[in-house]
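These are the residues of each chain, in order.
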Amino acid sequence: ESFFRIIRAQHPELPVIIISRCNFYPHPNDIRRRKIIRQTVKNAVKNGDKKVWFIDGEMLFGHDDRDACTTDGTHPNDLGFYRMYKQILPVLQHALDIKHDNKINAFTECKNK
């Protein structure tokens, strides 16, 4: 959270999208990291920050055929990057005010179609 506060103090109008690890495993370290990231965004929103978004990396590959999204269980392949793009693009467009979608908020859940 301190890193985010440093960035925000220097750039109060900068849109910030924070994405947790894309190939999430229920390992205690991954759970702890994602919890810290979520709390950082929650605290920022609670304090009035309207330019911060969280994308849950666990959802970036979707639920179907997740194992087909990486080359080695960690690094995304073409399918993995495509699914990431499908999830990140709407939030990025909203953050940059390219396309306004009222359904997007700081904790928009990603959904693969």
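Residues numbered from 1 in each chain as written. Predicted model: local features only at pLDDT ≥ 70, side-chain atom pairs only at ≥ 80, totals over all residues. Heavy atoms only, no water.

1. Side note on a nonpolar patch on the surface
Alright, step 1. On the surface, Leu-79, Tyr-82, Tyr-85, Leu-89, Leu-92, Leu-96 and Ile-98 cluster together into a nonpolar patch covering about 650 Å² of accessible area.
Alright, step 2. Locating Ile-98 in the fold gives a position in the segment after helix H3 (78-95).
Alright, step 3. Residue classification places Ile-98 among the exposed residues on the basis of a relative accessible area of 59%. (Patch = residues over 30% accessible without salt bridge, like charges linked within 9 Å, V, L, I, M, F, W, Y side chains within 5 Å. Areas by Shrake-Rupley, 256 points an atom, 1.4 Å probe, with all protein chains shown as cover. Salt bridge = Lys/Arg side-chain N within 4 Å of Asp/Glu carboxyl O. Helix = DSSP H or I, 4+ residues; strand = E, 2+ residues; numbered from the N terminus. Buried < 20%, exposed > 50% of the residue type's maximum accessible area, 1.4 Å probe, protein only.)

2. Focus on the nonpolar core
Soluble globular proteins tend to bury their nonpolar side chains together.
Alright, step 1. Cys-22, Trp-53, Ile-55, Leu-60, Phe-61, Cys-69, Met-84, Ile-88, Val-91 and Ala-95 together form the largest nonpolar core, which totals ten residues.
Alright, step 2. Secondary-structure elements contributing two or more residues to this core are strand S2 (52-55) and H3.
Alright, step 3. No other element matches the four residues that H3 contributes to this core.
Alright, step 4. Once you skip the residues sitting within four places of it in the chain, Ile-88 turns out to touch Ile-19, Ile-55 and Leu-60.
Alright, step 5. Ranked by size, the runner-up nonpolar core spans seven residues in total, among them Phe-4, Val-16, Ala-44 and Phe-54. (Core = buried A, V, L, I, M, F, W, Y, C linked by side-chain atoms within 4.5 Å. Contact = heavy atoms within 4.5 Å.)

3. Remarks on the pattern of salt bridges
Alright, step 1. Under the counting rule described, the total for this entry stands at six salt bridges.
Alright, step 2. Of the charged contacts in the structure, one is a salt bridge between Arg-5 and Glu-1, with a shortest N-O distance of 3.4 Å.
Alright, step 3. Given the relative accessible area of 52%, Arg-5 is considered exposed.
Alright, step 4. According to the relative accessible area criterion, Glu-1 is partly exposed, its value standing at 32%.
Alright, step 5. Between Glu-58 and Arg-34 there is a salt bridge, with its nearest N and O atoms 2.4 Å apart. Of this pair, Glu-58 sits in the loop between S2 and H3 while Arg-34 sits in helix H2 (residues 28-46); the two residues are 24 residues apart in sequence, bridging distant segments of the chain.
Alright, step 6. Each member of the salt-bridge network shares a partner with another, and the members are Arg-34, Arg-38, Asp-56 and Glu-58.

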